[in-house]
Amino acid sequence: MAECGIFDKKYSYIHDRKWGSEAADAHHIIVRKSHAKGFLVYLSPILLLASAFHLFLFKDNITITFWNSLLIAFLVKLLLQKPVEKVMPAFGVQLETHRGSKIVRRFVPIDKILKPVLSECVTPVTCYWSLSFIIRGEAELMLVFKEVCPPVKVLVPIWKALCAAIGSEGILGTPTADAP
Amino acid sequence: MGEPKRHRILMVSDFFYPNFGGVENHIYYLSQCLLKLGHKVVVMTHAYGNRSGVRYMTGGLKVYYVPWKPFLMQNTLPTFYGTLPIIRTILIREKISLVHGHQAFSTLCHEALMHSRTMGCRVVFTDHSLYGFGDVGSIHMNKVLQFTLADVSQAICVSHTSKENTVLRSGLPPEKVFVISNAVDTAMFKPALERPSDNEIVIVVISRLVYRKGADLLVEVIPEVCRLYPNVRFIVGGDGPKRVRLEQMREKHSLQDRVEMLGAVPHARVRSVLISGHIFLNSSLTEAFCIAILEAASCGLLTVSTRVGGVPEVLPDDMVVLAEPDPSDMVLAINKAISILPTIDPQVMHDRMKKLYNWHDVAKRTEIVYDRALKCSNQSLLERLSRYLSCGAWAGKLFCLVVVIDFLLFRLLQLWQPAEDIEVVPDILLSQGEDKRDADKLRVFNGDQCLK
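Residues numbered from 1 in each chain as written. Chains lettered and ligands numbered in written order. Predicted model: local features only at pLDDT ≥ 70, side-chain atom pairs only at ≥ 80, totals over all residues. Heavy atoms only, no water.

Undergrad: How would you summarise the overall build of chain B if you had to cite specific residues and measurements?
TA: Within chain B one finds 15 helices and 19 strands. Here chain B has a C-alpha radius of gyration of 24 Å; the compact-globule value for 452 residues is 22 Å, and the two agree. Dimensions of chain B, computed from C-alpha atoms along their principal axes, come out at roughly 75 × 60 × 45 Å. Taking all 452 residues of chain B together, 55% fall into the buried category. (Helix = DSSP H or I, 4+ residues; strand = E, 2+ residues; numbered from the N terminus. Rg over C-alpha atoms; globule rule 2.2 N^0.38 Å. Buried < 20%, exposed > 50% of the residue type's maximum accessible area, 1.4 Å probe, protein only.)

Undergrad: Describe the UniProt feature "domain: Glycosyl transferase family" (unreviewed entry) in chain B, listing the residues and the values that go with them.
TA: According to UniProt, the "domain: Glycosyl transferase family" (unreviewed entry) feature falls on residues 197-339 of chain B. End C-alpha atoms of residues 197-339 of chain B are separated by 16 Å, and the span's content is 35% helix alongside 21% strand. (UniProt positions renumbered as here; feature names shortened; annotations may be inferred.)

Undergrad: Can you lay out the nonpolar core for me, pointing to particular residues and giving the numbers?
TA: Formed by 99 residues in total, the largest nonpolar core has its most connected members in B:Phe16, B:Ile222 and B:Leu274. The next biggest cluster of nonpolar side chains, apart from the first, holds 60 residues, and it includes A:Tyr13, B:Val167, B:Leu172 and B:Val425. (Core = buried A, V, L, I, M, F, W, Y, C linked by side-chain atoms within 4.5 Å.)

Undergrad: Which residues make up the pairing of strand β14 (residues 279-282) of chain B, and what values do they have?
TA: Residues and elements named next belong to chain B. Alternating residues of β14 divide into Ile279 and Leu281 and Phe280 and Asn282, and every residue in both groups is buried. Bridging between strand β11 (residues 201-206) and β14 involves 2 bridges; their strand directions are parallel. The residue of β14 that forms the bridge with Val204 is Phe280. Of the pairings in the sheet, the one linking β14 to strand β15 (residues 302-306) comprises 4 bridges and is parallel in character. Residue pairing in the sheet places Ile279 in a bridge with Leu302 of β15. The β-α-β motif built from β14, the intervening helix α9 (residues 291-298) and the parallel element β15 has right-handed crossover chirality. (Pairing = 2+ DSSP bridges. Right-handed = clockwise from strand over helix to strand, strands pointing away.)

Undergrad: I'd love a proper account of the sheet that holds strand β12 (residues 232-237) of chain B, names of residues and values included.
TA: All names here are of chain B. With parallel pairing, the 6 strands of this open sheet are ordered in space as β13-β12-β11-β14-β15-β16. The open sheet has two free edges, formed respectively by β13 (259-263) and β16 (320-323), since each of these has just one partner strand. Sheet twist, expressed as the mean angle between neighbouring strand axes with direction ignored, is 20°. In this sheet, β16 lies alongside β15 in parallel orientation, the contact comprising 4 bridges. (Axes fitted to C-alpha atoms, helices over the stretch in contact; angles between N-to-C directions.)

Undergrad: Now, about the side chain of B:Asn182: what can you tell me, with residues and values included?
TA: All names here are of chain B. Position of Asn182 among the secondary structure elements: in the loop between β10 (177-179) and β11. A relative accessible area of 5% means that Asn182 is categorised as buried. Not counting the four nearest positions on each side in its chain, Asn182 is found in contact with His26, Val158, Phe289, Ile291, Leu294, Tyr357, Trp359 and Val362. (Contact = heavy atoms within 4.5 Å.)

Undergrad: Describe the confidence of the model for chain B, naming the residues involved and giving the relevant values.
TA: Residues and elements named next belong to chain B. Taken as a whole, chain B shows an average pLDDT of 89; of its residues, 94% reach a score of 70 or greater. Segment residues 433-452 is flagged for pLDDT under 50; beyond a separation of four residues in sequence, or across chains, it makes 36 contacts in the model. Taken over the whole predicted complex, pTM reads 0.83, whereas the ipTM for its chain interfaces reads 0.77. (pLDDT = per-residue confidence, 0-100.)

Undergrad: Could you give me a rundown of the pairing of strand β8 (residues 127-135) of chain A, with the residues and numbers involved?
TA: Residue and element names in this part refer to chain A. The element β8 is largely enclosed, with a buried count of 7 among its 9 residues. Of the strand pairs in this sheet, strand β7 (residues 113-122) and β8 are connected by 9 bridges, and their pairing is antiparallel. What sits directly across from Pro116, in β8, is Phe133. In this antiparallel pair of consecutive strands, β7 and β8, the connection spans 4 residues. Note that β8 and strand β9 (residues 142-143) share 2 bridges and pair antiparallel.

Undergrad: Just give me the short version of the sheet that holds β9(A), but keep the residues and values in it.
TA: Strand order in the open sheet formed by 3 strands is β7-β8-β9 (chain A), with antiparallel pairing between adjacent strands. Strands at the two margins of the open sheet, each flanked by one partner only, are β7 and β9 of chain A. Running over the sheet, helix α3 (residues 152-166) of chain A touches β7 and β8 of chain A and is turned about 160° from β7(A). Packed on one face of the sheet, helix α2 (residues 84-93) of chain B meets β7 and β8 of chain A and runs near 80° to β8(A).

Undergrad: Hey, could you go over unusual backbone geometry for me, with residue numbers and the actual values?
TA: Residue and element names in this part refer to chain B. The omega angle of the peptide bond from Tyr17 to Pro18 is 15°, so this bond is cis rather than trans. Here Pro18 shows up in the loop between β1 (8-12) and α1 (22-36). In this structure, Lys95 is a non-glycine residue whose phi angle is positive, near 50°. Looking at where Lys95 falls in the secondary structure, it is placed in the loop between α2 and β7 (98-102).

Undergrad: Give me the lowdown on a nonpolar patch on the surface, citing residues and values where you can.
TA: Among the surface-exposed residues, B:Phe71, B:Leu72, B:Met73 and B:Leu77 lie close enough to one another that they form a single nonpolar patch of about 420 Å² accessible area. Tracing the backbone shows B:Met73 in the loop between β5 (70-72) and β6 (75-76). (Patch = residues over 30% accessible without salt bridge, like charges linked within 9 Å, V, L, I, M, F, W, Y side chains within 5 Å. Areas by Shrake-Rupley, 256 points an atom, 1.4 Å probe, with all protein chains shown as cover. Salt bridge = Lys/Arg side-chain N within 4 Å of Asp/Glu carboxyl O.)

Undergrad: Run through the UniProt feature "domain: PIGA GPI anchor biosynthesis" (unreviewed entry) in chain B, naming residues and quoting values.
TA: The UniProt entry lists residues 46-135 of chain B under the feature "domain: PIGA GPI anchor biosynthesis" (unreviewed entry), expressed in the numbering used here. For the annotated span residues 46-135 of chain B, helix accounts for 24% and strand for 31% of the residues, and the straight-line distance between the end C-alpha atoms is 28 Å.

Undergrad: Before we move on, could you go through the pattern of salt bridges and cite the residues and values that matter?
TA: Residue and element names in this part refer to chain B. Here the structure, examined in full by the defined rule, presents 20 salt bridges over all chains. Notably, a salt bridge pairs Arg117 with Asp151, separated by 2.9 Å at the nearest N-O pair. Here Arg117, found in helix α3 (residues 107-118), pairs with Asp151, found in the loop between α4 (136-149) and β9 (154-157); they are 34 residues apart in sequence, far enough to count as distant. Each member of the pair Arg117 and Asp151 is classed as buried. The partner of Arg365 in a salt bridge is Asp361, and the shortest N-O contact between them spans 3.6 Å.

Undergrad: Outline the packing of α9(B) against helix α11 (residues 346-356) of chain B, supporting the account with residue identities and numerical values.
TA: Residues and elements named next belong to chain B. Contact pair α9 / α11: the axes reach a minimum separation of 8 Å and the direction vectors enclose 130°. When the interaxial angle is binned, α9 and α11 end up oblique. Every residue of α11 that contacts α9 at Leu294, Ala297 and Ser298 is listed here: Met349, His350 and Met353. In terms of residue class, the contact of α9 with α11 is built from 4 nonpolar, 2 polar and no charged. (Parallel < 35°, antiparallel > 145°, perpendicular 65-115°, else oblique. Nonpolar A, V, L, I, M, F, W, Y, C, P; charged D, E, K, R; others polar.)

Undergrad: Can you break down helix α7 (residues 243-252) of chain B residue by residue, with the values?
TA: Residue and element names in this part refer to chain B. Turning to α7, its buried residues are Leu246, Met249 and Arg250. Buried positions in α7, seen along its axis, are confined to an arc of 100° and lie on one side of it. Facing away from the buried surface of α7 by more than 90 degrees, the exposed residues are Gln248 and Lys252. Summarising the contacts, the buried residues of α7 are in contact with α6 (215-228), β12 and β13. At the exit of α7 stands Ser254, carrying a positive phi of roughly 55°. (Arc of directions from axis to C-beta.)

This is how it looks when you write it as structure tokens:
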């Protein structure tokens, strides 16, 4: 049985219970391709290739063409979308990232997780929510989603399910209270 | 009469905790009292070292430590438009209705006020310092202030002298400027249970040892007072470039046993230093208000101060002895203070301070300013540009150009990242009147959806 809710223009969230909630509880987040971005992905290498050939034909410089080709290959790889999936077996949490046919997995044993937290992150240009684990014995938080920033309405059901699985009360953000 | 309106306020300044100072304390205490009045308050400042990101302080005060590195005297690098994306994001996600900037010397404050006006938010500005008119630095600072205050809804100054100074520097109409003085936490600054012995008179000085705080005056005054009064001792707390001069003076006049140099005093220890003395000496060359003498009076010390800036407005005549910023006049003032010292009752002084100065009262008065600001009409870009044009023949046109570019960048940002894509943060309500463990839990509500 699966539940599906499209929350965003960019993200889809699927809660997959096909194995039964006691065995495994899978939460999928799919990053959908943006048409505008897809157009840019294919247009920009064409433009770069055209400029490279122009330089090659008029200036006969093979080095520039070579570096342009490398740049094109790097840009195409960088801009392709990466669907993300997270599976949570009862004895731990498995985090999977699917990039086309390539899957990267990380497993975190349940007894290593002290608490899952939703916290706000601030960069010089924006703020966003992130889901992290407080790991026993480690000073740094472990980010669940390293490369994408799903909206908080997608993160909340995953956070609640994690809290239920770990058996901790959900406390938002575990704020650091500072008194002057 | 309807219920008082709940405001959603963003306090912006480069100067906040973990720094300690007049502006920092003002923002902190004002925010705490506004939270108690039921408003939502969020503070935005730059990151301090590793302190970066979102932090929560006492009472649920949310602070954004934006990772922009300070470049000069705790000020963020002025980029004009670099802070537009983060300020826009914070204003939308916190649903801010009013932005309150603090301190003319804060570049983050000026940028935030400009971007907030571009986005249609009401803005209030509080000026905490006095500035000159003649030197190059002051001329530039005053021009920047003129730009910011050209389009501000209301302004606040901490004394009448400060209001006069701000109005002259910025050209702001006086009817738009309110005077709301600072206050002191009298619960923290209490007199000692037992007053120090009267066998020797202890004069306390706590300030940054810099030129504008009159450290050079102390170099002249201290040896003279020590010569005239063998039973007087000085305690000097604070650090700065002028500390070396004071230590040289101490060596030259062999006053090592009569002048104690404490170095930098953490804010939490200021009270313990104050209550070890009888008289507090302030030798500032310029002060818009001077919270230090409030703290000293709250601890029951008689104050001797230079008659500069807004200092005469701070304390009643029987709590302070004023002198010109001249060594001989200051020595005479200390002489007078020593003679009236037996008539001073520290506890009575403290009780009077409790009635005179109160952060809750400051918050209520500031609330009135916020209400006035929110009643101001929202002007279009063309109306705003006409106000900037009046700032000067060339400066006016430059200011208009800056504002137009800001507006265009704002529109571009709206296309790139529409406001609907920025998630609104749920309001966090702290539990009141429960034990500490339960009080630390934050109940989070997002409209009708309870997250916990």
